[in-house]
Amino acid sequence: MDEVTPVQEFNSLHPNDLAEILAAKTGKEKVLSFLLLPPQLKTETFSYLNINDQEEIIKSLGSTQVAEILNKMAPDDRTKLFVDIPDELIKGAINLLSEEERKIAVNLLGYPENSIGRIMTPNYVQAKKDWTIAKTLQHIKTHGKKAETLNFIYVVNEQNKLLDDIQIGKLLLAEENATMEQLMDNSFISLRSLLDKEEAIKEFEKYDRSALPVVTDAGILVGIVTVDDILDVIERRDTEDIQKFGGLEALEIAYTETPILTLFRKRAGWLIVLFLSEMLTATAMGYFEDEIAKAVILALFVPLIISSGGNSGSQAATLIIRAMALREITLKDWWYVMRREFLSGFLLGSTLGILGFIRIFLWQETGIYDYGDHWQALGLTVGFSLLGIVMWGTFSGAMIPFLLRTFKLDPATSSAPFVATLVDVTGLVIYFTVASIILSGKLL
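Not measured: the values here are computed from a predicted model.

### Observations concerning the overall build of the protein chain
Here's step 1: Along its length, the protein chain carries 20 helices and 6 strands.
Here's step 2: In terms of C-alpha radius of gyration, the protein chain reaches 31 Å, well past the compact-globule figure of 22 Å for 444 residues.
Here's step 3: Its C-alpha atoms give the protein chain principal-axis dimensions of about 95 × 55 × 50 Å.
Here's step 4: In the protein chain, which comprises 444 residues, the proportion classed as buried is 44%.
Here's step 5: If you take every contact in the protein chain between residues at least 6 apart in sequence, the share linking residues at least 24 apart comes to 66%.

### Observations regarding the environment of E175
Here's step 1: Within the secondary structure layout, E175 lies in the loop between helix 11 (168–172) and helix 12 (180–183).
Here's step 2: For E175, a relative accessible area of 57% corresponds to the exposed category.
Here's step 3: Taking the C-alpha atoms as reference points, E175 and T132, 43 residues apart in sequence, are found 8.9 Å from one another.

### Here's the deal with the domain arrangement of the protein chain
Here's step 1: Per the domain assignment, the segments making up the protein chain are domain 1 (7–110), domain 2 (126–234) and domain 3 (255–439).
Here's step 2: Averaged C-alpha coordinates put domain 1 and domain 3 at centres separated by 50 Å.

### Digging into helix 3 (residues 27–35)
Here's step 1: The set of residues buried in helix 3 consists of K30, V31, S33 and F34. Along the axis of helix 3, the buried positions cluster into a sector of 160°, meaning they face one direction only. What points out from helix 3, more than 90 degrees from its buried face, is the exposed set K28 and L32.

### Quick look at the packing of helix 2 (residues 15–24) against helix 4 (residues 39–48)
Here's step 1: At a minimum axis distance of 8 Å, the contact between helix 2 and helix 4 shows a crossing angle of 65°. Between helix 2 and helix 4, the angle falls in the class roughly perpendicular. Handedness of the crossing formed by helix 2 with helix 4: right-handed. Counting all contacts with helix 2, which are made through P15, N16, L18, A19 and L22, the residues of helix 4 involved are L41, E44, T45 and Y48.
Here's step 2: Split into classes, the residues belonging to the contact of helix 2 with helix 4 amount to 6 nonpolar, 2 polar and 1 charged.

### Some words on the side chain of D229
Here's step 1: Within the element layout of this structure, D229 appears in helix 14 (residues 227–245).
Here's step 2: Residue classification places D229 among the buried positions, given a relative accessible area of 2%.
Here's step 3: Among all residues touching D229, those that are not within four sequence positions of it are D76, K80, I119 and E148.

### Quick word on unusual backbone geometry
Peptide bonds are trans in most cases, and residues, glycine excluded, mostly fall at negative phi.
Here's step 1: At N186, a residue that is not glycine, the phi angle is positive and equals roughly 55°.
Here's step 2: When you line up the elements, N186 lands in the loop between helix 12 and strand 4 (191–192).
Here's step 3: By relative accessible area, which is 56% here, N186 ends up exposed.
Here's step 4: If you check the backbone angles, R327 has positive phi at about 60° while not being a glycine.

### Some remarks on the UniProt feature "domain: CBS" (unreviewed entry) in the protein chain
Here's step 1: Per the UniProt record, "domain: CBS" (unreviewed entry) is annotated on residues 184–240.
Here's step 2: Between the first and last C-alpha atoms of residues 184–240 the distance is 41 Å; the span itself is 44% helix and 23% strand.

### Re the sheet that holds strand 4
Here's step 1: The strand order 4-5-6 describes an open sheet built from 3 strands, whose pairing is mixed. The sheet is open, and its two edges are formed by strand 4 and strand 6 (221–226), each paired on a single side.
Here's step 2: Note: strand 5 (residues 211–215) against strand 6, 5 bridges, orientation antiparallel. Note on strand 6: the bridge partner recorded for A211 is T226.

### Some thoughts on the packing of aromatic side chains
Here's step 1: Scanning the entire structure with this criterion turns up 9 aromatic pairs.
Here's step 2: Taken together, a centroid distance of 6.2 Å and an interplanar angle of 40° make the contact between F357 and W375 tilted. Residue F357 is found in helix 18 (residues 334–366), and its partner W375 is found in helix 19 (residues 375–406); the two are separated by 18 residues along the sequence.
Here's step 3: The class for F357 is partly exposed, based on a relative accessible area of 27%.
Here's step 4: Given a relative accessible area of 13%, W375 falls into the buried group.
Here's step 5: A network of ring pairs unites the aromatic residues F301, Y369 and Y371 as a single cluster.
Here's step 6: Positioned above the aromatic ring of F152, the side-chain terminus of R209 is 4.0 Å from the ring centre.
Here's step 7: Residue placement shows R359 over the ring face of W363; its charged tip is 4.4 Å from the ring centre.

### Remarks on the pairing of strand 5
Taken residue by residue, a regular strand's side chains alternate between the two faces of the sheet.
Here's step 1: Burial analysis of strand 5 places 5 of its 5 residues in the buried class, the great majority of the element.
Here's step 2: Side chains A211, P213 and V215 project from strand 5 onto one buried face, and the interleaved L212 and V214 project onto a second face that is buried too.
Here's step 3: Relative to strand 5, strand 4 runs parallel, the two sharing 2 bridges. Residue pairing in the sheet places R192 in a bridge with V215 of strand 5.
Here's step 4: Hairpin geometry of strand 5 and strand 6 is characterised by an intervening segment of 5 residues between the two adjacent antiparallel strands and by a positive phi of about 90° at G219.

Each value, and the rule that gives it
Residues numbered from 1 in each chain as written. Predicted model: local features only at pLDDT ≥ 70, side-chain atom pairs only at ≥ 80, totals over all residues. Heavy atoms only, no water. Helix = DSSP H or I, 4+ residues; strand = E, 2+ residues; numbered from the N terminus. Rg over C-alpha atoms; globule rule 2.2 N^0.38 Å. Buried < 20%, exposed > 50% of the residue type's maximum accessible area, 1.4 Å probe, protein only. Contact = heavy atoms within 4.5 Å. Domains from an automatic or database assignment. Arc of directions from axis to C-beta. Axes fitted to C-alpha atoms, helices over the stretch in contact; angles between N-to-C directions. Parallel < 35°, antiparallel > 145°, perpendicular 65-115°, else oblique. Left-handed = near helix turned anticlockwise from the far one by under 90°. Nonpolar A, V, L, I, M, F, W, Y, C, P; charged D, E, K, R; others polar. UniProt positions renumbered as here; feature names shortened; annotations may be inferred. Pairing = 2+ DSSP bridges. Phe/Tyr/Trp six-rings, centres within 6.5 Å; stacked < 30°, edge-to-face > 60°. Lys NZ or Arg CZ within 6 Å of the ring centre and 35° of its normal.

Written out as structure tokens, the structure reads:
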């Protein structure tokens, strides 16, 4: 039995696995390992590399080798590369393309950044309605190798206007002398080339498709978008939302590839805003300075009180933002949501309020801490405060996303830190107001 050489074993791996292996290498070792790959595998592996590794390899290879890779790359993958690499490399890279591939690249780059046209591919199989099945199958054999997918065959007229899309399975089961028109039902789903990429996600989810055709406003077929490209859009969208929800500006590239100064800039803005907002907490406590001086024991429960409100608000905000993203609720559902969250807040606040009272009772009875003669009133103060603050936190966390959506803003910016800061300040006001009512004539 022939022995498998390291190079043969290396070449038998999936391009994505090869990309991970190459990413772990450094400098010349990475480039030399890449050069050992067969020509087609070079192109496929290159598409899976991150932008930093792609840039490093482009700079290290000769123009002939770079031209070979770029010309063989899928147009949508190549567009992503051109968008991310430095401007000084784009012109040189485009000039290395063949006339046909350069025309495709420039055309795709001409679409707006967030449009579906930017990520579509012109590599698909189309047929005319008067073609027979036999002729169409022969056409697929001749031109299908470059196609991004063969799941659907797109039927167009003489002006290249999309008439229908036909599943390959339907084509294979048809009689060879039948025409494409006989298979058509004139019912198909398409995307406009200028449609926002995030809107296209909804279409893929709604119709559960692996690929959708892209047409101009006049219905002219200009490309297709496959589900793998949509998955990239979903990943980027969700990453951006999570980062915003964490209280920072979204990163354009991976965390490990983001310069430290960029990380500082992305995070500092929100931290400064939240810091200045939290200063209102100190202002609120200063307003109740007399109450705190008379009953210092009230200060012991401040962390407990404000954290409960912030946590309940963050929970509500997370639930509502995700429900909005999944289109489970819309702006018109605000009253329904408010009623549900009011009830949820009441139940949650009551539960925490009872636990707070029990905690004071147990500490008092077991001698862990002596809250004095008015411990029952203190327990009621903490209990009712928790009820009010948790209800307010839940209401705020649920309604802020609706407010932002009303003003055409991203609900994800109603991040957990922002909601927590709002509830911290207002929670203190609720706490000391309840204390001044219940403890008046006792501790105050």
